[in-house]
Amino acid sequence: VGAKEEQQQTGSFANVQEARFIVYLVSSLLNGGLAGSDMGVICLYKAQETYIREALQTVLQSENGLGGVQVSTVDAFQGGEKEII
């Protein structure tokens, strides 16, 4: 996506431009009729996971959180299955 990862205060890393692009893709897929429960976003870093979760909640304006989309780190997602990753 072109931007570099930035180290956060927690020591973890986040790439804001990449996260925004992921939010755009997820929103587009949801608007296209794909169920959130069929999607997963795998993040390499905890800060990236947190940023994407917060951005999705804002964009989706959902009281249910992420609309069923699983956003996790590699370790947390291990063994999970989704239609779209």
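Q: Can you help me understand the overall build of the chain in this one?
A: Looking only at helices and strands, the chain features 3 helices and 4 strands. Going from the N terminus to the C terminus, the chain shows its helices and strands as β-β-α-β-α-β-α. Burial analysis of the chain (85 residues in total) assigns 29% to the buried set. If you take every contact in the chain between residues at least 6 apart in sequence, the share linking residues at least 24 apart comes to 62%. Surface accessibility of the chain: about 5,600 Å² in total, with carbon and sulfur atoms responsible for 47%.

Q: Help me out: how do you make sense of the nonpolar core in this one?
A: Most often, soluble globular proteins have nonpolar side chains that are buried together. Core analysis: the biggest nonpolar cluster contains 12 residues, these being A19, V23, V26, M39, V41, C43, I52, A55, L56, L66, V69 and V71. Within the residue set of this core, elements represented by two or more residues are α1 (16-31), β3 (40-43) and α2 (46-60). Each residue touching I52, except ones within four places of it in the same chain, is listed here: A19, I22, V23, V41, C43 and V71.

Q: I keep staring at α2 and nothing clicks. Help me out?
A: Helical geometry note: an α-helix holds 3.6 residues per turn, so side chains three or four residues apart project in the same direction. For α2, spanning 15 residues, the distance from its first C-alpha to its last is 21 Å, which sits close to the expected 21 Å at 1.5 Å a residue. For α2, every residue scored as buried is listed here: A47, Q48, E49, I52, A55 and L56. The inward-facing, buried residues of α2 abut β2 (13-14), α1, β3 and β4 (70-73). At the exit of α2 stands Q61, carrying a positive phi of roughly 45°.

Q: What should I look at first to understand α1 in this one?
A: Here α1 spans 22 Å end to end across 16 residues, near enough to the 22 Å set by a 1.5 Å rise per residue. Turning to α1, its buried residues are A19, V23, V26 and S27. Viewed end-on, α1 has its buried residues packed into an arc of 100°, placing them on one side of the element. Tucked into the core, α1 has its buried residues touching β3 and α2. Two to three positions downstream of the cap, the backbone nitrogen of Q17 sits 3.3 Å from a side-chain oxygen, assigning the N-cap of α1 to N15.

Q: How should the environment of G67 be read in this particular structure?
A: When you line up the elements, G67 lands in the loop between α2 and β4. For G67, a relative accessible area of 38% translates into the label partly exposed. On a C-alpha basis, the gap between G67 and G36 in space is 5.4 Å, while along the polypeptide they are 31 residues apart.

Q: Mind showing me how you'd approach the pattern of salt bridges here?
A: Any two side chains of opposite charge can pair, so long as their charged atoms come close to each other. Evaluation of the coordinates by the stated rule reveals 2 salt bridges. Salt-bridge contacts for K46 lead to E49; the nearest nitrogen and oxygen are separated by 3.1 Å. Residue K46 and its partner E49 are both found in helix α2; the two are separated by 3 residues, about one turn of the helix. For K46, a relative accessible area of 51% corresponds to the exposed category. Taking relative accessible area as the criterion, E49 reaches 6% and is therefore assigned buried. Ionic contacts of the salt-bridge type, sharing partners, join the residues K46, E49 and R53 into one network.

Reading guide: rules and limits
Residues numbered from 1 in each chain as written. Predicted model: local features only at pLDDT ≥ 70, side-chain atom pairs only at ≥ 80, totals over all residues. Heavy atoms only, no water. Helix = DSSP H or I, 4+ residues; strand = E, 2+ residues; numbered from the N terminus. Buried < 20%, exposed > 50% of the residue type's maximum accessible area, 1.4 Å probe, protein only. Contact = heavy atoms within 4.5 Å. Areas by Shrake-Rupley, 256 points an atom, 1.4 Å probe, with all protein chains shown as cover. Core = buried A, V, L, I, M, F, W, Y, C linked by side-chain atoms within 4.5 Å. Expected span 1.5 Å × (residues − 1). Arc of directions from axis to C-beta. Polar contact = N/O pair within 3.5 Å; in protein donor to acceptor, adjacent residues only side chain to side chain. Salt bridge = Lys/Arg side-chain N within 4 Å of Asp/Glu carboxyl O.

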